[in-house]
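# Notes for the structure review
So the chains spell out like this:
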Amino acid sequence: MATTTSIDAPNPYHVAQHEIGRACEALRLDPAVYRLLSRPMRFVEVAIPVRMDDGRTEVFVGYRSQHNDALGPTKGGIRFHPSVTPDEVKALSMWMTLKCALLELPFGGGKGGVVCDPKRLSPRELEGLSRGYIQALAQVMGEEKDIPAPDVYTNQQVMAWIADEFSQIRQQNAFAIVTGKPLVIGGSKGRNEATARGAVTVVREAARVIDLDIRHATAVIQGYGNAGSVAHRLLYELGVRVVAVSDSSGGIYNPEGLDPRAVAEHKRATGSVTGFPGAQVISNEDLLELPCDILLPAALENQITAGNAPRIRARLIGELANGPTTPEAHRILVERGVLVLPDILANAGGVTVSYFEWVQNLTHYYWSEEEINQRLEQRMVGAFRRVWEAARQLGTADLRLAAYAVAVRRVAEAMEVRGWIHRTGASFRA
Ligand code: NAD
């Protein structure tokens, strides 16, 4: 079992193992539960040949990690990024298992990745890579086996190519194989906004319990993609003043607040938030340490470390990104009284609406955006309350531990009733 001694490891797989170990200890579970949950049940590596525009064949390396399917088929995004590693993909799949369990979705956790720089691929090359990925993995994927979705640098178009390629392999339309699709081929209303909407919902709930008046709060967002840019707009609509945002090129800061539509338009026109008129330039590092009430890391892992955690000035952190806070940084933040909404809770809105998309595909009956948003709201508020209650029962201010305890408990119970483990020995009922 992972020790509970604090670590500040930048390897996300070790971080995920460490957190699961802490929850297993808090629940006093049979060690077999940790042994099963500390590694994926299946991990596949594939070589994907792609014909490049200049006639060469480039071979890309792809991964799929299927962590645990005790609660249902595995589910999780595909990341296209130059720094994708097997350990990162494994960690992300573990977080998916816990996220789905926490939200009470009938899914296990999976995740995929391809080592590539999508910004340097032409649309035709990107299509070849997306189709090649699902071809290489088709045997282990399917609407009742493993269902991918978008993640960093993959989008609706990539999901459409995957749906089409898988349908061709099956010789029939199989849209439920993937979520995050365009609306016209079975995508769900509200999916694009879901991750940010879910995060903003739990931030609002958390603000209420710590007596932070959201209408007069300030916020800082790191990362301006699907998650970060939509969170900016939704916070703005709640009356929050978002004073700084950033992307991979750097950050912008205006203590008077940044208008989300103007910043999004600037990014669309120039490719980055940097250079936005009327704002000061700020680095991604300095941005995290700005005075604000709410900090939303919405980019990559390991952004808040033991190095900068003592200087973070936010009262509330909502982890839109997966694994943005190292365990040591988290320990420092909890000790300092900062309320951290952990990733498996804060960014679970995306997979929740992916679940709605899958249900709609399987039943061929489509819901209105209002219905989607209402059901998402209910799920997120329910999950927040389960975590808050578990923290109370465990006597901790550490919401990550509480969230992991709720999620691990549910997966352990499923493994027990399925006969994978003899007795979980759980001493806590969330
Ligand atoms: P995206 O590709 O749409 O955007 C990523 C953003 O991060 C871009 O603006 C990019 O410029 C920025 N970025 C990259 N490196 C950076 C750096 N070093 N510093 C600052 N910014 C940097 O991706 P996304 O879908 O918005 O995902 C962002 C995070 O949210 C990831 O951790 C992802 O796993 C997580 N997440 C996303 C979803 C979803 O539905 N999109 C769901 C759950 C979790």
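So, a few notes on the structure that sits alongside this text. Please read these numbers as outputs of a predicted model, since none were measured by experiment.

## Brief notes about the nonpolar core
Residues Val33, Leu102, Val245, Ile294, Leu316, Leu341 and Val408 are the most contacted members of the largest nonpolar core, which totals 91 residues. Among the elements that take part in this core, helix 14 (residues 399-417) stands out by supplying twelve residues, more than any other. If sequence neighbours within four positions are ignored, Val245 has contacts with Ile221, Tyr224, His232, Gly251, Ile252, Leu258, Val263, Val273 and Leu287. Counting 27 residues, the second largest nonpolar core, distinct from the first, contains Val46, Phe80, Ile134 and Ala138.

## Examining the packing of helix 1 (residues 12-27) against helix 3 (residues 86-102)
Contact geometry for helix 1 and helix 3: axes closest at 7 Å, N-to-C directions at 30 degrees. With respect to helix 3, the element helix 1 is oriented roughly parallel. Residue-level inspection shows Pro12, Tyr13, Val15, Ala16, Gln17 and Ile20 of helix 1 in contact with helix 3, the latter providing Asp87, Glu88, Lys90, Ala91, Met94, Trp95 and Leu98. Partitioning the contact of helix 1 with helix 3 into residue classes produces nine nonpolar, one polar and three charged.

## Side note on the pairing of strand 8 (residues 250-253)
Every second residue of strand 8 is oriented toward a common face, with Gly250 and Ile252 on one face and Gly251 and Tyr253 on the other, all of them buried. Pairing geometry for strand 7 (residues 241-247) and strand 8, over four bridges, is antiparallel. Paired with Asp247 across the two strands is Gly250, which belongs to strand 8. Following strand 7, the chain reverses through two residues before pairing antiparallel with strand 8.

## A short note on the site of the ligand
Neighbouring residues of the ligand: 23 residues in total, closest Asp151, Thr195, Asn226, Ala299 and Asn322. In this structure, Ser248 approaches the ligand through a main-chain N or O atom, which is 2.9 Å from an oxygen atom. Broken down by secondary-structure element, the contributors of at least two residues to the shell around the ligand are helix 6 (191-209) and helix 7 (226-238).

## Overview of the packing of aromatic side chains
Following the criterion strictly, the structure yields seven aromatic pairs and no others. Taken together, a centroid distance of 5.7 Å and an interplanar angle of 90 degrees make the contact between Phe107 and Tyr355 edge-to-face. Of the two residues, Phe107 is situated in the loop between helix 3 and strand 4 (108-115) and Tyr355 in helix 12 (residues 349-363); the sequence distance between them amounts to 248 residues. Connected via pairs of aromatic rings, a cluster forms that spans Phe107, Tyr355, Phe356, Trp358 and Trp367. The aromatic ring of Phe43 is capped on one face by Lys90, whose charged end is 4.9 Å from the ring centroid. It is Arg375 that lies over the ring of Trp367; its NZ or CZ is 4.0 Å from the centre.

## A look at the pattern of salt bridges
Two side chains of opposite charge can pair, provided their charged atoms sit close to one another. Here the structure, examined in full by the defined rule, presents 35 salt bridges. Salt bridges here are not isolated pairs; linked through shared partners, they connect Arg79, Glu88, Lys111, Asp151 and Glu301.

## Section: the sheet that holds strand 9 (residues 280-282)
If you trace the seven strands from one edge of the open sheet to the other, you get 9-8-7-6-10-11-12, paired in mixed fashion. Whereas interior strands pair on both sides, the edge strands pair on one side only; in this sheet they are strand 9 and strand 12 (339-341). Put simply, the sheet's adjacent strands are angled 20 degrees from each other on average, direction ignored. Looking at chain direction, strand 6 (residues 218-222) and strand 7 are connected through five bridges and run parallel. Following the sheet pairing, Ala219 is matched in strand 7 by Val242.

## Focus on the side chain of Asp151
Take Asp151: it is sitting in the loop between strand 5 (146-150) and helix 5 (156-170). Polar side-chain contacts of Asp151 include one of 2.5 Å to the side chain of Arg79. Among the polar contacts listed, one links the side chain of Asp151 to the side chain of Lys111, at a separation of 3.2 Å. Dropping the residues within four chain positions of it, Asp151 is found in contact with Gly77, Ile78, Arg79, Lys111 and Asn322.

## Looking at helix 8 (residues 260-270)
Looking only at helix 8, the buried set comprises Pro260, Val263 and His266. Seen along its axis, helix 8 keeps its buried residues to an arc of 130 degrees; they face one direction. In this structure, helix 8 carries Arg261, Arg268 and Ala269 as exposed residues pointing more than 90 degrees from its buried face. In this structure, the buried residues of helix 8 make contact with helix 7, strand 7 and strand 8. The backbone nitrogen of Arg261 has a side-chain oxygen 3.0 Å away, supplied by the residue at the start of helix 8, namely Asp259. Looking one or two places after helix 8, you find Gly271, whose phi comes out positive at around 90 degrees.

## Section: the sheet that holds strand 3 (residues 74-81)
The strands making up a sheet associate through backbone hydrogen bonding, with each pair oriented either parallel or antiparallel. The strand order across the open sheet built from five strands is 1-2-4-3-5, with neighbouring strands paired in mixed fashion. With one partner strand each, in any of the chains shown, strand 1 (42-51) and strand 5 form the two edges of the open sheet. Averaged over neighbouring strand pairs, the angle between their axes works out to 25 degrees when direction is ignored. One ladder, built from six bridges, connects strand 3 with strand 4; its direction is parallel. Across the sheet, Ile78 pairs through a bridge with Gly112, a residue of strand 4.

## Describing the pairing of strand 10 (residues 294-297)
Side chains of strand 10 alternate between two faces, with Ile294 and Leu296 and Leu295 and Pro297 buried alike. Relative to strand 10, strand 6 is paired through four bridges, and the arrangement is parallel. By the bridge assignment, Gln222 is partnered in strand 10 with Pro297. Judged from the two bridges that link them, strand 10 and strand 11 (residues 316-318) form a sheet pairing that is parallel. Bridge pairing in strand 11 places Leu295 opposite Ile317.

Analysis parameters
Along every chain, residues carry numbers that run from 1 in the direction the sequence is written. Only residues with pLDDT of at least 70 are given local features in this predicted model, and only at 80 or more are side-chain atom pairs given and counted; all residues enter the totals for whole chains, interfaces and linings. Calculation of side-chain values draws on the structure's entire complement of heavy atoms; hydrogens and water are dropped beforehand. Here, the term nonpolar core denotes a set of buried Ala, Val, Leu, Ile, Met, Phe, Trp, Tyr and Cys residues that are joined through side-chain atoms within 4.5 Å. Relative accessibility under 20% of the residue-type maximum defines a buried residue, over 50% an exposed one, and the middle range a partly exposed one, all with a 1.4 Å probe and only protein chains included. Every helix listed is a DSSP run of H or I at least four residues long, and every strand listed is a run of E at least two residues long, numbered separately from the N terminus. Two residues qualify as a contact provided that any one of their heavy atoms is within 4.5 Å of a heavy atom in the partner residue. Only the stretch in contact is used when fitting a helix axis, every axis being a line fitted to C-alpha atoms; angles between N-to-C directions are given from 0 to 180 degrees. An angle counts as roughly parallel when it lies under 35 degrees, as roughly antiparallel when it exceeds 145, as roughly perpendicular when it falls between 65 and 115, and as oblique in every other case. Three classes are used: nonpolar for Ala, Val, Leu, Ile, Met, Phe, Trp, Tyr, Cys and Pro, charged for Asp, Glu, Lys and Arg, and polar for all others, with Gly counted as polar. Paired strands are those between which DSSP finds at least two bridges. We call a residue near a molecule or strand as soon as one heavy atom of that residue lies within 4 Å of the molecule or strand. In the analysis that follows, any N or O atom pair within 3.5 Å is treated as a polar contact, provided that within protein one partner can donate a hydrogen and the other can accept it, and provided that, for residues neighboring in sequence, both atoms belong to side chains. In this analysis, rings of Phe, Tyr and Trp, with Trp reduced to its six-membered ring, are considered paired at centre separations within 6.5 Å, and the interplanar angle assigns stacked below 30 degrees, edge-to-face beyond 60, and tilted for intermediate values. Any Lys NZ or Arg CZ found within 6 Å of a ring centre and within 35 degrees of that ring's normal is scored as a charge over the ring. Basic side-chain nitrogens of Lys or Arg form a salt bridge, by our definition, when they fall within 4 Å of a carboxyl oxygen of Asp or Glu. This arc describes the spread of directions from the helix axis toward the C-beta atoms.

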